[in-house]
Structures are given as C-alpha cells and as structure tokens.
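# Reading the structure
Each chain is listed here by its residues.
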Amino acid sequence: MAGGTEPMSRTSRILNALEVLAKLVGASAVVVVAVFANSLQSRLTGVSIQSQREQAESQLRAGMFSSLIGPLGGPEKDGKPMAADREVLLTELLALNFNENFEMKPLMEHAVQRINEEYLVKPGGDDPREPVWQILRRISERQKAAISMEWSAYRATQSARMWPFNYILGPRRVEASSKGCEVVSIIVDSKLEQHGEPLSIDANCQASVAFRDVIHIRSVDGNYTLQLAAVKPNWIDQKVKVSAQPFLSSQSKPKATDPSYNFELSWLDLPLTDNTILPDGNRFAVYLRSVYNETLMINVMWFPKGYFTPRERPLNYSEVQELLGRTSQ
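A short tour of the structure in this document, coming up. Everything numeric in this text was worked out from a predicted model, so none of it was measured. (Residues numbered from 1 in each chain as written. Predicted model: local features only at pLDDT ≥ 70, side-chain atom pairs only at ≥ 80, totals over all residues. Heavy atoms only, no water.)

## Some words on the overall build of the chain
Stated precisely, the cut-off is as follows: By definition, any uninterrupted DSSP run of H or I lasting at least four residues is a helix, any uninterrupted run of E lasting at least two residues is a strand, and each is numbered from the N terminus. Contacts were defined at the residue level, with two residues in contact if any of their heavy atoms lie within 4.5 Å. Residue exposure ignores everything except the shown protein chains as possible cover, and the areas themselves are Shrake-Rupley values with a 1.4 Å probe.
On a plain count of helices and strands, the chain comes out with 6 helices and 10 strands. Taking the intrachain contacts of the chain between residues at least 6 apart in sequence as the baseline, contacts between residues at least 24 apart amount to 52%. When the accessible area of the chain is evaluated, it comes to approximately 20300 Å², of which 56% is carbon and sulfur surface.

## Some thoughts on the state of the cysteines
Note on terminology: a disulfide is the covalent bond linking the sulfur atoms of two cysteines. Our working definition: By convention in this document, the label disulfide applies to cysteine sulfur atom pairs within 2.5 Å. Residue burial is assigned from relative accessible area. The probe radius is 1.4 Å, only protein chains are included, and a residue is buried under 20% of its type maximum, exposed over 50%, and partly exposed in between.
Tallying each qualifying case throughout the model produces 1 disulfide. Across the disulfide, C181 is cross-linked to C205 (sulfur-sulfur distance 2.0 Å). Taking the sign of the torsion about the S-S bond as the criterion, the disulfide between C181 and C205, at about -80°, is left-handed. Of this pair, C181 sits in the loop between α5 (163–169) and β1 (183–189) while C205 is found in the loop between β2 (199–200) and β3 (206–209), placing the two residues 24 residues apart along the sequence. Here the two residues C181 and C205 agree in accessibility, since each one is buried.

## Brief notes about the packing of aromatic side chains
Our working definition: Aromatic rings from Phe, Tyr and Trp, with only the six-membered ring used for Trp, were paired whenever their centres fell within 6.5 Å, and each pair was classed as stacked if the ring planes differed by under 30 degrees, edge-to-face if by over 60, and tilted otherwise. Here, a charge over a ring means that NZ of Lys or CZ of Arg falls within 6 Å of the ring centre while also lying within 35 degrees of the ring normal.
Evaluation of the coordinates by the stated rule reveals 4 aromatic pairs. Ring geometry for F284 against W302: centres 5.6 Å apart, planes inclined by 55°, an arrangement best described as tilted. Highlighted residues: F284 in strand β9 (residues 283–292) and W302 in strand β10 (residues 295–302), separated in sequence by 18 residues. R137 extends its terminal NZ or CZ atom over the ring of W267, reaching a point 4.9 Å from the ring centre.

## Quick look at the sheet that holds β9
What counts here: The criterion for strand pairing is that DSSP finds at least two bridges linking the strands in question. Only the contacting stretch of a helix is used when fitting its axis, a line to C-alpha atoms as for every element, and angles between N-to-C directions run 0 to 180 degrees.
Spatial ordering of the open sheet is given by β3-β1-β10-β9-β8, a layout of 5 strands whose pairing is mixed. Unpaired on one side and paired on the other, β3 and β8 (275–277) mark the two borders of the sheet. The average angle at which neighbouring strand axes cross in this sheet is 20°, direction not considered. Sheet topology note: the β1/β3 ladder contains 4 bridges and is parallel. Counterpart to V188 in the pairing with β3 is V209.

## Points about the environment of A229
Along the chain, A229 turns up in strand β5 (residues 224–234). A residue is classified by how much of its surface remains accessible, and A229, at 14% relative accessible area, is buried. In the structure, A229 is positioned 31 residues away from P198 in sequence and 9.6 Å away in space, judged by C-alpha atoms. The residues touching A229, leaving out its near neighbours within four places in the chain, are D213, V214, K241, V242 and S243.

## Focus on the nonpolar core
The cut-off we apply is this: What is meant by a nonpolar core is a set of buried Ala, Val, Leu, Ile, Met, Phe, Trp, Tyr and Cys residues, joined one to another through side-chain atoms within 4.5 Å.
Of all hydrophobic cores here, the largest spans 47 residues; its most connected members are I186, I217, L228, I298 and V300. Excluding its chain neighbours within four sequence positions, the residues that come into contact with I186 are A207, V209, I215, I217, L228, L296, M297, I298 and V300. Grouped together as the second largest cluster of nonpolar side chains are 10 residues, Y154, L272, A285 and F303 included.

## Thoughts on the pairing of β10
β10 sits mainly inside the fold: 7 of its 8 residues count as buried. Here 7 bridges tie β1 to β10, and the two strands are oriented antiparallel to one another. For D189, the partnering residue across the bridge sits in β10 and is T295. Where β9 folds back onto β10 in an antiparallel hairpin, the turn is made up of 2 residues, including N293, whose phi is positive at roughly 50°.

## Let's talk about the sheet that holds strand β4 (residues 215–218)
Across the sheet, 5 strands lie side by side as β2-β4-β5-β6-β7; this open sheet has mixed pairing. For this open sheet the edge positions go to β2 and β7 (261–265), each flanked by a neighbour on one side alone.

## Focus: the environment of D258
To keep it simple, the criterion reads: Residues adjacent in sequence count toward polar contacts only when both atoms are side-chain atoms; beyond that, a polar contact is any pair of N or O atoms within 3.5 Å, and within protein one must be able to donate a hydrogen and the other to accept it.
Looking at the element boundaries, D258 is found in the loop between β6 (239–248) and β7. Residue classification places D258 among the buried positions, given a relative accessible area of 15%. Sequence separation of D258 and P246 is 12 residues, and the distance between their C-alpha atoms is 7.2 Å. Contacts of D258, omitting those with residues within four sequence positions, involve Q245, P246, F247 and Q251. Engagement of the side chain of D258 in a polar contact is seen with the side chain of Q251, the distance being 3.2 Å.

## A word on the pattern of salt bridges
As a reminder of what qualifies: A side-chain nitrogen of Lys or Arg and a carboxyl oxygen of Asp or Glu constitute a salt bridge if their distance falls within 4 Å.
Considering all chains together, one arrives at 10 salt bridges under this definition. For R137, the salt bridge goes to E130, with nearest N and O atoms at 2.3 Å. Residue E182 pairs with R155 through a salt bridge whose shortest N-O separation is 2.3 Å. Highlighted residues: E182 in the loop between α5 and β1 and R155 in helix α4 (residues 130–161), separated in sequence by 27 residues. Each of the salt bridges in this network shares a partner with another, and the network as a whole consists of D127, R129 and D237.

Written as structure tokens, this is what we have:
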C-alpha cells in the first residue's frame, strides 16, 4: 500500500499544480485583455477629444476669418477702394492668424502693390514695406520652430522604438556623406566669384556661394539631393530667382526627366504653404531668411518624411500614420 500511495500523491500534486496554473493563465488573460481594451479605448478617446477640440477651434477661426476677409473681398464703398493702410492691417492680421491654413501670397502681393502705389520706395531710404517684411520673417521663423518640434518628436519616437537594439548593438552609424540637415542656410554674396563645380554644404549645415553657383543639398534620410541655384536678384523689391531640381541621390546628376522648379523667391513665400513634396514622402521648402548689403540668405528646410501640413490634414499627422499602422521612415 505504501508503494501505491506515493504515485497517487505525486499525481495529485501535479494535478493541483496544473489546476493552479490554469487559474493563473485564465486570470492573466483577463488582465491582458482588460489592459489592451483600456489602452485602445484611451487612444480612441484621445483622438476623439483632439478631433472635437480642433472642430471647435475651426469654428472659432472660421468666424474670425469671415470677419477679416469680408472687408477685403466685399464691395467697394462709394466706388472707392479700401484705404491702403487698412487693407495692409487686415492682411497682416490674416497672415498672423491663418498663415498655416491657406496661401496668403495673393493677398500679400495685393497689399504690397497698394503700398507701392501709395508710397514712394526710394533706394537707401526707409522702406514702407518693411513692417510687412518683418511680419513675414516672424511667421517664417515661427513655422521653422514648429517643424523643429516635429523633428524632435520624430527622433524621440524612433529612439523609443529602437531602444533595445540601440542598447545592445549601439546606435546605427550613418555615413557622413549620406546625411542631410533639417535646415540648410545658404549665404549668396554678390561679391564672390562663381565656382565651376557644384558645391556642398559644410558640417554646420551652411554654405557661402555666388549668384549662379550650383549647390547640392541632401534630404535628411539621404534619398534625395536638391540641386539649387540663385540668379538675378532684385534688391529694391528684395526678390531673387531660384532654380530647384530634386533628384535621387543614387544618380550622379539630375536626369532630363527629373522635375525642375523655377520661381521668384520673396518674403511672401512661407514654408508651410510654399513647399514641394517628393514621390518618396520627403518634402522641402525654400524661403528667404535675410537681405542685407547685396547679400541674401536662403533657407532650405526639410520636413519629417511623411509629414503633411495643417491645411492638408484634420489631425496630427503622426497620430494618423500610427492609426493606419504606417511608419514615417
């Protein structure tokens, strides 16, 4: 009897252990499902709250927009156009409050034209358009700061996703020749002599070039190279003609079939409304940074890959991509 009792006791212990394990597995499954459901609900709730908030803000801004645009687009009083200073003021208010949402350039061009008609712009004297230029410079820097924050958030997200691998293997090394800068500052000096070969930016993401010089600027991921040249500056109106041609970095130079963009760059070109998206999701903007003593600075700004601007989206672009199960790179 003693010999038969021991196997029975062992079998009983095993059955008890399996029963306890089954209960633990069942309880764990319930907890996992509850946590997952709570996480999903929290995410959907967050998106819903953001959507409602943006809807309320959109309604508020729509009312404000109508109040500002009405006097500009309404009928002329007594057959006379609105006073130039009033039109400039309303246009400035529109630019400061709605620069991310629609193209301000036609309105700003009309306001500048009214200033030119009302006031005489003398070389070397006080420029009556300077208050408008100052506001546009302020808007450009504000938009640049907003994209810099998007880059910081993107890098933090990528670092969090790759943390275990970075900790074990170390950060992934990228060849310096394939790296690109988020923002490149190009100083174009009329006193410099033209170079014969295409130029590249330095380690500080800057370059000093002459007019008609060709410069190559890589995208941040290195997939694309932007070939840029500035010609024919207009110092009185503070404009310059720019030629931009993006091409795949795997090529040594652009092909005849690669797109080419030729445009006149002025203070009216803002990064979030005047930009170009490339087939792989890269996007760049070219805008004027400063004009002084026959020298100007042009900024080339790259956006996070897959980014789309506020006027192209209802929600935060990174959250939309996450909900769709897509990654930016």
